[in-house]
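A closer look at the structure
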Amino acid sequence: MTADIIPHTSIEAHQPSWQEELAAAIRNPAELLERLEINPTQLDASPVAQQAWSLRVPLPYVQRMKKGDIDDPLLKQVLPLGAEMLTAPGFSSDPLGEEDANPIPGVVHKYHGRALLIISPACAIHCRYCFRRHFPYEDNTLGRKEWQTALDYLARDESISEVIYSGGDPLAANDNFLLWITEQIAAIPHIKRLRIHTRLPLVIPSRIDPGCLHWMTATRLKVVMVWHINHPNEIDQAVSQAAQRLKRHGIELLNQSVLLHQINDSSATLVALSEQLFETGIMPYYIHRLDKVAGAAHFNVSDAKIQQLQRELLTLLPGYLVPKFVYEQAAAPSKQPLSLLIKADS
Ligand code: SF4
């Protein structure tokens, strides 16, 4: 064979689109445990919890879990367990009082200057500790006409300078819709910034594709993306590459985490997370005390432990890599710094 003859036998591997990866997400706990080579009897996996809120986890995220490890910190974030069915004092279906801050369908308006839009009711992954696991999405799923009502609400209130895309996961919506709604928001003169709260680029990094980058960069709005990464094992090369694509297009990247019992409540894990986030181009921003949502009490970390972790992080990391420790309180005018929590509890 001469050098200039190219054999036609090589077939390029099919790279699944993000929509294909979303559709292929695992929804059956038995299938997940089988892939991870875990004997189901080793865990308290619960069909009742699965029925109340089903498992959903995309394969790129599953691939970062350690086979045979029932304590894997990623597995623990997604597997429905019997502990979710226990009631606990102080844990409720609406821990942040969002029902009282939902002036019209699709809009949550709690804080001065910022309004949140429920862009999509769907998520790519079901995080068992999610404070919106009982949110009435059926009342907040809008058609174009209802979106116009939401946009009119934003246009009427000149104090709003920042719009937050949330959900569900806003990036579960399609790019045509995201382009349209971003254009409508950019046409409102007093809105300056767009903040996107998402886990999708973490669990399916291919979501950051040209269509997604187009609407994020075709706008006059300054775009900030807040990732939700809880553990350093969640970051792999594909996640880093997705973050780099966003950075190259001028998107600011921040991270918020939730403190989760026996998942990330050690200073070694949190130090590794902050360092890896910085390597990836994402600034550690917030670390939240768990919101007291019914079904998640087994993830709770005590206030004393949170204080200890904060002190250790301040010692072990440069200040710019220490996220702000905060908690949310229904009807409060902002997130509350941990120092206020200590005062209130003492
Ligand atoms: S809204 Fe966020 S935290 Fe809640 S399940 Fe969806 S991705 Fe997870």
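Residues numbered from 1 in each chain as written. Predicted model: local features only at pLDDT ≥ 70, side-chain atom pairs only at ≥ 80, totals over all residues.

**Here we look at the overall build of the protein chain**
Going by this rule: Helix numbers and strand numbers start at the N terminus; a helix is a DSSP run of H or I with at least 4 residues, a strand a run of E with at least 2. Both definitions apply: the radius of gyration is a C-alpha atom measure, and the globule rule equals 2.2 Å times residues to the power 0.38. Three exposure classes are used, based on other C-beta atoms lying within 10 Å of a residue's own C-beta, which is placed from the backbone: buried for 20 or more, exposed for 12 or fewer, and partly exposed in between. Distance between backbone-placed C-beta atoms decides contact: two residues are in contact if it is within 7 Å.
Tallying secondary structure elements over the protein chain gives 13 helices and 9 strands in all. Taken over the C-alpha trace, the protein chain has a radius of gyration of 21 Å; the compact-globule value for 346 residues is 20 Å, and the two agree within 12%. In terms of its C-alpha atoms, the protein chain occupies a principal-axis envelope of roughly 80 × 55 × 45 Å. Looking at the 346 residues of the protein chain, the share that counts as buried comes to 36%. Counted over contacts in the protein chain with a minimum sequence separation of 6, partners at least 24 positions apart contribute 84%.

**Observations concerning the domain arrangement of the protein chain**
Put simply, the test is: Per the annotation, domain bounds derive from an automatic or database assignment of domains. Note on residue categories: nonpolar means Ala, Val, Leu, Ile, Met, Phe, Trp, Tyr, Cys or Pro, charged means Asp, Glu, Lys or Arg, and polar means any other residue, Gly included.
The domains assigned to the protein chain are domain 1 (18–85) and domain 2 (98–345). On a C-alpha basis, the centroid separation for the pair domain 1 and domain 2 is 23 Å. Of the residues lining the interface, 21 residues belong to domain 1; the matching set on domain 2 comes to 23 residues. Counting only elements with at least two residues in the side of domain 1 that touches domain 2, the list comes to α1 (18–23), α4 (59–62) and α5 (75–78). Looking at side-chain class alone, the side of domain 1 that touches domain 2 contains 14 nonpolar, 2 polar and 5 charged residues.

**Focus: the nonpolar core**
Applied cut-off: By our criterion, buried Ala, Val, Leu, Ile, Met, Phe, Trp, Tyr and Cys residues that link up through C-beta atoms within 7 Å make up a nonpolar core.
Counting residues in hydrophobic clusters, the biggest one holds 73 residues, and the most contacted among them are Leu117, Ala124, Ile125 and Tyr129. Counting contributing residues, this core receives three or more from each of domain 1 (18–85) and domain 2 (98–345). Those residues in contact with Ala124 that lie beyond four places of it in its chain are Leu22, Ala25, Pro58, Asp169, Ala172, Arg199, Leu200, Val203 and Ile204.

**Regarding the pairing of strand β6 (residues 252–258)**
Rule in force here: The rule for pairing is simple: two strands pair if DSSP sees at least two bridges between them. Here a crossover is taken to be right-handed if, once the strands point away from the viewer, the path from the first strand over the helix to the second is traced clockwise.
In the sheet, strand β5 (residues 222–228) pairs with β6 via 5 bridges, with the strands oriented parallel. Bridging from a neighbouring strand, Met225 pairs with Leu253 of β6. For the crossover that starts at β5, traverses helix α10 (residues 237–248) and ends in the parallel β6, the hand is right-handed. When β6 meets strand β7 (residues 283–288), the two strands line up parallel, connected through 5 bridges. Bridge pairing in β7 places Asn255 opposite Pro284.

**Looking at the site of the ligand**
To keep it simple, the criterion reads: All residues are tested the same way: a C-beta atom is placed from the backbone, and lying within 6 Å of a molecule or strand makes the residue near it.
Taken together, Cys123, Ile125, His126, Cys127, Cys130, Arg132, Gly167, Gly168, Asp169, Arg199 and His228 make up the full set of residues adjacent to the ligand. In terms of residue class, the shell around the ligand is built from 4 nonpolar, 4 polar and 3 charged.

**Let's talk about the environment of Lys110**
Within the secondary structure, Lys110 sits in the loop between β1 (107–108) and β2 (114–120). Taking the C-alpha atoms as reference, Lys110 lies 16 Å from Leu194; in sequence the two are 84 residues apart.

**Focus on the packing of helix α11 (residues 267–280) against helix α12 (residues 303–316)**
Axis angle and axis distance: for two packed helices, these are the angle between their axes and the distance between the axes, and together they describe the pair. Selection criterion: Geometry is summarised by axes, namely lines fitted to C-alpha atoms with helices restricted to the contacting stretch, and by angles between N-to-C directions that run from 0 to 180 degrees. Working rule for angles: under 35 degrees goes down as roughly parallel, over 145 as roughly antiparallel, 65 to 115 as roughly perpendicular, anything else as oblique. In a left-handed crossing the near helix is turned counterclockwise from the far helix by less than a right angle, and in a right-handed crossing that turn is clockwise.
In the contact formed by α11 and α12, the axes pass within 10 Å of each other and the chain directions differ by 50 degrees. What the angle tells us is that α11 and α12 run oblique. As α11 packs across α12, the resulting crossing turns out to be right-handed. Only Leu309, Glu312, Leu313 and Leu316 of α12 make contact with α11, whose side of the interface consists of Ser267, Leu270 and Val271. Taken together, the residues of the contact of α11 with α12 break down into 5 nonpolar, 1 polar and 1 charged.

**Structural notes on unusual backbone geometry**
Here the bond from Gly167 into Gly168 is cis, since omega is 20 degrees, no more than 30 degrees from zero. Within the secondary structure, Gly168 is located in the loop between β3 (162–167) and α7 (175–186).

**Some points on the sheet that holds β3**
Strand order across the open sheet formed by 9 strands is β1-β2-β3-β4-β5-β6-β7-β8-β9, with mixed pairing between neighbours. What marks the edges here is a single partner per strand, and that holds for β1 and β9 (336–337). As defined by bridge partners, β3 adjoins strand β4 (residues 193–197) across 4 bridges and the pair is classed as parallel. Residue pairing in the sheet places Glu162 in a bridge with Arg193 of β4.

**With respect to the pairing of strand β8 (residues 324–327)**
Because side chains alternate across β8, one face comprises the buried residues Phe325 and Tyr327, and the other comprises Lys324 and Val326, none of which is buried. As judged from the 3 bridges shared by β7 and β8, these two strands associate in the parallel manner. Within β8, the position partnered with Ile287 by the bridge is Phe325. Handedness of the crossover joining β7 and β8 through α12: right-handed. Relative to β9, β8 is paired through 2 bridges, and the arrangement is antiparallel. Of the residues in β9, the one forming a bridge with Tyr327 is Gln336.

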